[in-house]
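# Tertiary structure, described
Residue-level listing of the chains:
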Amino acid sequence: MDIDKLFKVPKLPAGIKRKLPDTPTPEILKKMRPDDDVEMKSDASSHMETPALSRSARVEDDPDDDHDTSFAPGGDADYFVEEDEEGRFYGGGLTSQQKEILGIFERAEGEGDQDEPEEVTLPSVRRSLARFERAVNKNQDQRSKYPDDPTKFIDSEADLDSAIKSLLPLAQSPTLAYPEIVRSGMVSLIIGLLSHENVDIVIDAVELLNELTDEDVGNEGEDDDAQEDAQGALKVLIEALVERSVLELLVDNLSRLNEGEESDKQGVFHILGAFENILGFNPDLSEKFVAKTKIMKWLLDRVQSKTHDENRCYAAELLSILLQNNSANRQHMGKLDGVEAILKTLSHFRRRDPVDADETEFMENLFDSLCSALSEPEIKSLFLASEGVDLMLLMMKEKLQSKSRSIKTLDYAMSGSAGSEICSTFVEALGLKTLFAAFMGKQKHNASTQATEDASHILGIMSSLFTNLPSDSSDRIRLLAKFVENNYEKVDKLLEMREHASSRLKVVDSEIETEKKALLAESTIEPENEELWYLRRLDGGLFILQTLDYILAWVALEDDGARAHLIKMLERKNLTLRNVRETLQVYHNNIDPDDLDSNNATGLSQREILEHLMTFLQGCS
């Protein structure tokens, strides 16, 4: 979602610039009418006194100036007057009255453009804060004195609105302004406005909070020291806001705003923006945020809205952020029937693609939320109970954007020991036919990034099936049959993919060796360097290679004919099963020794499974 294109306040907020309502009233036009307009009226009056004389004088002076505008398109008063340098004339399609109004707007806009924003200095910051404090106190005083007579406090409310907007430029000088905001106690006043009786004032305060907490506060192009100081000032402000329960108050205001109104809709957008800013600065607040407020329920309800808009998209993004790295939030989402809600919303993309980029991002955020949540065993159970496997398989069969995301979701759902039941359900739902149809689908040599990711997730599903399906079960036999049929074409496909992954990995290994030699010439290699290089190798083809060899090892173990075919095809490439074993050894060496999860169908941990496979391959060599 391109936030900058929506409601984000510009670097120099428009609040300091003169504005007009969309539809000007006659009173406003009368006030803005310039003096020369009055003179024009007096001239017109004098012409009306001697119409014949005036008309004859114009004819003598310039006969081309007098035209019957009744024949002009749209009644354009200047249709016969506006000419370019070559004598061609064009009309603007506007009547005299319309052109007069447009001229007033242009002159007013020109005057506003000439107003230069005041430079932000410590005295100016203090003046703005003092003005804001006076406006808040006066409005509170007027409202308390005349609670039933809005005419008594309407002026103070307008002053308060102006005072709040005057604080927006402070976001451009956080190092100077934020410590002063905290020191002067203005944080409490700003947060207090979130409970104001006038919703418009609340929206102003929300917009101010969103702007002040933006991670990009300050001017662009500053040096590193200046940016570090700005981030330090932002930290001070955010900590002060959180201490005063700003997150809870913002959530409470979500139910006050009616998104049917444009201003309230923008208010909701700014609230979500403030959430993202604060959580982005301190992700540790996310668990407390979900536990102490009703934000999770609001987000789940919001993403289920039938009409799509920017706030619905933003809600999905924030949901993804909250679930990304927090087990407690995922479980809380599950207790609120969040899995059912997400699957129900995603089902709308079963037979259609998103209509634009924003809706595409919305769909992807929902899939990401689901994938993050599926790391929890409880969510896997809810996914199974909500028939998530069936929905994902239906999406896989369609050639739509949701196909790739459904493959990824199934990979997450079936992984780990907690995915055993989902693996069985997948086979029973005839998922093998759909899976291998996608696996054997034609791919160009210069496959896209998306196709590469799809292949990786398809291999992940196969790996989970071999790990989690019970030995000698009908489901496992059906899986093995897929690798045997059509003269072991699936095995050949795996070997083809293995060759491609090996080629990619060789390029990365060559780069790493060069870096190692250069590093050894200057210093020693640290453990951190080895870890970074291993991560690069994983991303450069090692991860897919490990998954491929893991599947090939299982196929060789389970079927004698497949093993013989595999050995023969490897020999044609000057390889043996020993090469497969070496890959599994690297895989084994980098598994966390504390990972002893053995609740899968084999009753063994992943390390133990790899040890058995390597022992078998060594005996075949």
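What counts and what doesn't
- Residues numbered from 1 in each chain as written.
- Predicted model: local features only at pLDDT ≥ 70, side-chain atom pairs only at ≥ 80, totals over all residues.
- Heavy atoms only, no water.
- Helix = DSSP H or I, 4+ residues; strand = E, 2+ residues; numbered from the N terminus.
- Buried < 20%, exposed > 50% of the residue type's maximum accessible area, 1.4 Å probe, protein only.
- Contact = heavy atoms within 4.5 Å.
- Areas by Shrake-Rupley, 256 points an atom, 1.4 Å probe, with all protein chains shown as cover.
- Patch = residues over 30% accessible without salt bridge, like charges linked within 9 Å, V, L, I, M, F, W, Y side chains within 5 Å.
- Salt bridge = Lys/Arg side-chain N within 4 Å of Asp/Glu carboxyl O.
- Lys, Arg positive; Asp, Glu negative; His and termini not counted.
- Charge placed at Lys NZ, Arg CZ, Asp CG, Glu CD.
- Phe/Tyr/Trp six-rings, centres within 6.5 Å; stacked < 30°, edge-to-face > 60°.
- Lys NZ or Arg CZ within 6 Å of the ring centre and 35° of its normal.
- pLDDT = per-residue confidence, 0-100.
- Axes fitted to C-alpha atoms, helices over the stretch in contact; angles between N-to-C directions.
- Parallel < 35°, antiparallel > 145°, perpendicular 65-115°, else oblique.
- Left-handed = near helix turned anticlockwise from the far one by under 90°.
- Nonpolar A, V, L, I, M, F, W, Y, C, P; charged D, E, K, R; others polar.
- 1 Å grid on protein atoms, 1.4 Å probe; cavity = no way out; pocket = protein on both sides within 12 Å on 5 of 7 lines; lining within 4 Å.
- Points joined across faces, edges and corners; volume = space filled by probe spheres on them.
- Domains from an automatic or database assignment.
- Arc of directions from axis to C-beta.

### Points about the overall build of the chain
The number of helices and strands found in the chain is 29 helices and zero strands. Residue burial in the chain is summarised as follows: out of 621 residues, 43% are buried. Pairs at least 24 residues apart make up 71% of the contacts formed inside the chain by residues separated by at least 6 positions. Carbon and sulfur atoms form 49% of the exposed surface of the chain, whose accessible area is close to 33400 Å².

### Comments concerning unusual backbone geometry
The backbone of E387 sits at a positive phi, close to 60°, despite the residue not being glycine. Checked against the element boundaries, E387 lands in the loop between α19 (377-385) and α20 (388-397). Residue classification places E387 among the exposed positions, given a relative accessible area of 55%. Look at N574: it is not a glycine, yet its phi comes out positive at around 60°.

### So, a negative patch on the surface
Taken together, the side chains of D223, D224, D225, E228 and D229 define an acidic patch exposed on the protein surface. Within the secondary structure layout, E228 lies in helix α10 (residues 224-243). Judged by its relative accessible area of 58%, E228 is exposed.

### Points about the packing of aromatic side chains
Within the structure shown, the criterion is met by nine aromatic pairs. When the ring of F436 is compared with that of F483, the centres are 5.4 Å apart and the planes differ by 90°; the resulting orientation is edge-to-face. Of this pair, F436 sits in helix α23 (residues 431-439) while F483 sits in helix α25 (residues 474-522), placing them 47 residues apart in sequence. Cluster of aromatic residues (ring-pair linked, three or more members): F436, F439, F466, F483, Y550, W554 and Y587. The cationic tip of K152 hangs over the ring face of Y146; the distance from NZ or CZ to the ring centre is 5.7 Å. Over the aromatic face of W554 sits the side chain of R476, whose NZ or CZ is 4.8 Å from the ring centroid.

### A look at the confidence of the model for the chain
On average, the chain scores 83 in pLDDT, and the residues at 70 or more come to 77%. Across residues 1-65, confidence stays below pLDDT 50; counting only partners more than four residues off in sequence or on other chains, it has 53 contacts. For the stretch residues 111-115, pLDDT sits under 50, and the model shows two contacts to residues farther than four places along the chain or on other chains.

### A look at the pattern of salt bridges
All told, the structure shown has 27 salt bridges when counted by the stated rule. A salt bridge links E499 to K573; the shortest N-O distance between them is 3.2 Å. Of this pair, E499 sits in helix α25 while K573 sits in the loop between α27 (560-572) and α28 (577-589); the two residues are 74 residues apart in sequence, bridging distant segments of the chain. Classification of K573 as partly exposed rests on a relative accessible area of 35%.

### Let's talk about the environment of T452
The residue T452 is located in helix α24 (residues 449-468) in this model. Linking T452 and I544, residues 92 residues apart in sequence, is a C-alpha distance of 9.7 Å.

### What to know about the packing of helix α26 (residues 527-558) against α28
Relative to each other, α26 and α28 sit at 125°, their axes nearing to 9 Å. As judged from the angle between their axes, α26 and α28 are oblique. Considering how the two elements wind past one another, α26 and α28 form a crossing that is left-handed. Along its contact with α26, which presents Y534, L542, L545, Q546, D549, Y550 and A553, the element α28 presents N579, V580, T583, L584, V586 and Y587. Along the lines of polarity and charge, the residues of the contact of α26 with α28 split into nine nonpolar, three polar and one charged.

### What about the environment of I461?
Take I461: it is sitting in helix α24. Along the chain, I461 and Y412 lie 49 residues apart, while their C-alpha atoms are 8.4 Å from each other. Sequence-distant contacts of I461, defined by excluding residues within four places in its chain, comprise I407, L410, D411, M414, F426 and L435.

### Looking at empty space enclosed by the protein
One pass over the structure, following the stated rule, counts one cavity of 30 Å³ or more. Of the voids in this model, the largest cavity is the one considered here, and its volume is about 60 Å³. Taken together, V242, L247, E248, L285, K288, F289, K292 and T293 make up the full set of residues lining the largest cavity. Secondary-structure elements contributing two or more residues to the lining of the largest cavity are α11 (246-254) and α13 (285-292). Of the residues contributing to the lining of the largest cavity, the split by class is four nonpolar, one polar and three charged. Mapped onto the domain boundaries, the lining of the largest cavity takes at least three residues apiece from domain 1 (121-280) and domain 2 (283-469).

### Notes on the packing of helix α18 (residues 357-373) against helix α21 (residues 402-414)
It is the contact of α18 with α21, at a shortest axis distance of 9 Å, that shows an interaxial angle of 10°. Classified by the interaxial angle, the pair formed by α18 and α21 is roughly parallel. Residues M363, E364, F367, D368, L370 and C371 of α18 form the contact with α21, whose own contacting residues are S402, R405, S406, K408, T409 and Y412. In terms of residue class, the contact of α18 with α21 is built from five nonpolar, three polar and four charged.

### Here's the deal with α19
Within the span of α19, buried status applies to I379, K380, F383 and L384. One side of α19 carries all its buried residues, which in axial view fall inside an arc of 140°. Buried residues in α19 make contact with α16 (327-335), α17 (338-346), α18, α20, α21 and α22 (420-428). Taken from the residues just after α19, E387 is the one with a positive phi, measuring 60°.

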